[in-house]
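Below, each chain spelled out in residue letters.
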Amino acid sequence: MSPAFMKEATKTLKEELPFDHNYSASWIDNDNYDIFIPARQHAKAPDYWTKYSKGNRKIFIAEYGDWEYYAQNAGFNQTEFANLKEEERTSRQLRGAGEKRLLQQAYNFQEASNSNRKGASTIGEANWLMFDYNRGYSPDLESSGISDIFRIPKFAYYFYQSQRDANVVLDKKLFSGPMVNIANFWTPESPLNVTVYSNCDEVALYVNDILISKEKPTLNNNSDKLEHAPFIFKVTAFQAGTLRAEGFIKGKKVASNIVKTPGKASKIELSYDLSSAKINPDSPDMVFVYAKITDENGTVIPTATNEVTFALSEGNAEIIGQNPVQAEAGIATIILKTKDLKKKIVLKATSNKLQETTITITK
């Protein structure tokens, strides 16, 4: 685009939207725009955009967290991560990739976000990416989402959730509350440096009800600008059972999270995702239905890949997508299309050597 075109486009914006708050923005760093919106990978490591100070223009990082780790293989801790293969360093990790890779993905986002906030001219950032997605031109998924394509969270999701303040009130309602989440499956193969994401002041970690320690957030060069840095606990040895994290604000316990060592796969648990919106009772609608492979106590088996078959026995609906479907990290998912919800829908899930189950969906 020529400078003359940029100038005219911005002039037109101001004429067509004559409000107090309208701004022109571009990936091109030019005086004709109010805001510069580069992607992180448009600069170079280790500074990226932290030293930008051109005129009075502010920066909104339009994309970060994926490409600089995938294509540029950049980042700041390459010495620390020298033992990792490129496919282990990347932020493109499927939910079934295992703890090591999911933790690395979350750390990449943390590292990049923390760096973004060191730029004096930076006013905001947009993570790439919320959900894994089909790309069309390639048969594999783009997998740098903080949730998978079926909206099931990865560890990185809880890192971002922890960046919300514990007590934000909007329209006289609590918008976000205190949270704590253990990024660990607590199996014999799990890391003993246990990462916990929380927006609390302090977190206590217990193994089988024995206190390991009570910690404040772990601050270093890759967490010192975050709203709420993660908590890292050093556990000396694995003991099958329960990990429990408790979050404290001003000395008061306000949140907790429990992770249990999974046993042998025993049964299926069915649920469906309304995403805060009820199923339309009169017109076609769609919902995700999840079949969780669990042990006899209801703990999801994070390594389970069982094939699950879904079948409708009642209701005006149909199953969309592959069926049977293989579980990923212990959860098999289908899309259920409801034509209407005037009558109940009954859906059954079966898998070899597992206790089958049914779920009833009503308006």
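Quantities reported herein were computed from a predicted structural model and do not represent experimental measurements.

Caption draft 1: Layout of the overall build of the protein chain. Helix and strand content of the protein chain: five helices and 23 strands. Out of the 363 residues in the protein chain, the part that is buried amounts to 44%. In the protein chain, once contacts between residues fewer than 6 apart in sequence are set aside, the share between residues at least 24 apart is 57%. Just so you have it, the protein chain exposes about 19,300 Å², and 51% of that area is on carbon and sulfur atoms. Charged side chains in the protein chain number 44 positive and 44 negative. The centres of these two groups are separated by 3 Å.

Caption draft 2: Examining the packing of helix α4 (residues 99-116) against helix α5 (residues 155-162) more closely. The contact between α4 and α5 brings their axes to 8 Å, and the two run at 35 degrees. The two elements α4 and α5 cross, and the hand of that crossing is right-handed. Across from E99, L102, L103, Q105, A106, F109 and Q110 in α4, the residues of α5 making contact are F155, A156, F159 and Y160. Residues belonging to the contact of α4 with α5 are distributed by class as follows: eight nonpolar, two polar and one charged.

Caption draft 3: Just the nonpolar core, in detail. One finds V289, I293, V308, F310 and L336 to be the most contacted residues of the largest nonpolar core, which totals 24 residues. Element by element, the count of residues in this core is highest for strand β17 (residues 285-294), at four residues. Setting aside its immediate chain neighbours within four residues, F310 contacts L270, V289, A291, I319, N323, V325, A332, I334, L347, K348 and A349. If you look at the next biggest cluster of nonpolar residues, it comprises 22 residues, including F36, I59, L103 and I146.

Caption draft 4: The packing of aromatic side chains, seen in detail. Going through the model one piece at a time under the given rule, you end up with 13 aromatic pairs. On the basis of an interplanar angle of 75 degrees and a centroid distance of 6.2 Å, the ring pair of W49 and Y52 is categorised as edge-to-face. Summarising the burial analysis for this pair, W49 and Y52 share the class buried. Look at F288 and Y290: their rings are 6.3 Å apart centre to centre, the planes differ by 15 degrees, and that puts the pair in the stacked class.

Caption draft 5: Up close: the environment of T90. Counting through the fold element by element, T90 comes out in the loop between α3 (86-89) and α4. Take T90: its relative accessible area is 6%, and that puts it in the buried class. Residues T90 and K154 lie 64 residues apart in sequence; the distance between their C-alpha atoms is 15 Å. Leave out the neighbours within four places in its chain, and T90 touches Y69, Y70 and N108. At 3.1 Å, the side chain of T90 forms a polar contact with the backbone nitrogen of R92.

Caption draft 6: Structural view of empty space enclosed by the protein. Summed over the entire model, instances satisfying the criterion amount to one cavity of 30 Å³ or more. Size it by volume and the largest cavity reaches roughly 40 Å³. Taken together, R40, D47, Y48, W49, T50, I61, S115, N116 and T122 make up the full set of residues lining the largest cavity. Looking at the lining of the largest cavity residue by residue, the classes come out as three nonpolar, four polar and two charged.

Reading the values: the criteria
Every chain is numbered independently, its residues counted from 1 as its sequence is written. Totals for whole chains, interfaces and linings use all residues, but because this is a predicted model, local features are given only for residues with pLDDT of at least 70 and pairs of side-chain atoms are given and counted only at 80 or more. Excluded from the side-chain calculations are hydrogens and water; all other atoms, namely the structure's heavy atoms, are used. The numbering of helices and of strands both runs from the N terminus, where a helix is a DSSP run of H or I of at least 4 residues and a strand a run of E of at least 2. For each residue, the accessible area found with a 1.4 Å probe, counting protein chains only, is set against the maximum for its type, and the residue is called buried under 20%, exposed over 50%, and partly exposed in between. In this description, contact between two residues means that some pair of their heavy atoms is separated by no more than 4.5 Å. Only the protein chains shown count as cover for residues, and the accessible areas themselves come from Shrake-Rupley with a 1.4 Å probe. This count recognises Lys and Arg as positive and Asp and Glu as negative, with His and chain-terminal groups excluded. In plain terms, the charge of a residue is placed at NZ if it is Lys, CZ if Arg, CG if Asp and CD if Glu. Every angle, taken between N-to-C directions, lies between 0 and 180 degrees, and every axis is a line fitted to C-alpha atoms, over only the stretch in contact when it is a helix. With the far helix as reference, a near helix turned anticlockwise by less than a right angle produces a left-handed crossing, and one turned clockwise produces a right-handed crossing. Under this grouping Gly is polar, as are all residues other than the nonpolar Ala, Val, Leu, Ile, Met, Phe, Trp, Tyr, Cys and Pro and the charged Asp, Glu, Lys and Arg. Only buried residues count toward a nonpolar core, which is a set of Ala, Val, Leu, Ile, Met, Phe, Trp, Tyr and Cys residues joined through side-chain atoms within 4.5 Å. Pairing of aromatic side chains requires ring centres within 6.5 Å, counting the rings of Phe and Tyr and the six-membered ring of Trp. Pairs whose planes differ by under 30 degrees are stacked, by over 60 edge-to-face, and all others tilted. Polar contact criterion, stated in full: a pair of N or O atoms within 3.5 Å, where within protein one must be able to donate a hydrogen and the other to accept it, and residues adjacent in sequence count only if both atoms are side-chain atoms. Site definitions follow a grid-based scheme: protein atoms alone, a 1 Å grid, a 1.4 Å probe that fits but cannot get out for cavities, and for pockets an open set with protein on both sides within 12 Å along at least five of seven lines, plus lining residues having an atom within 4 Å of a point. Grid points are joined across faces, edges and corners, and a volume is the space filled by probe spheres set on the points.

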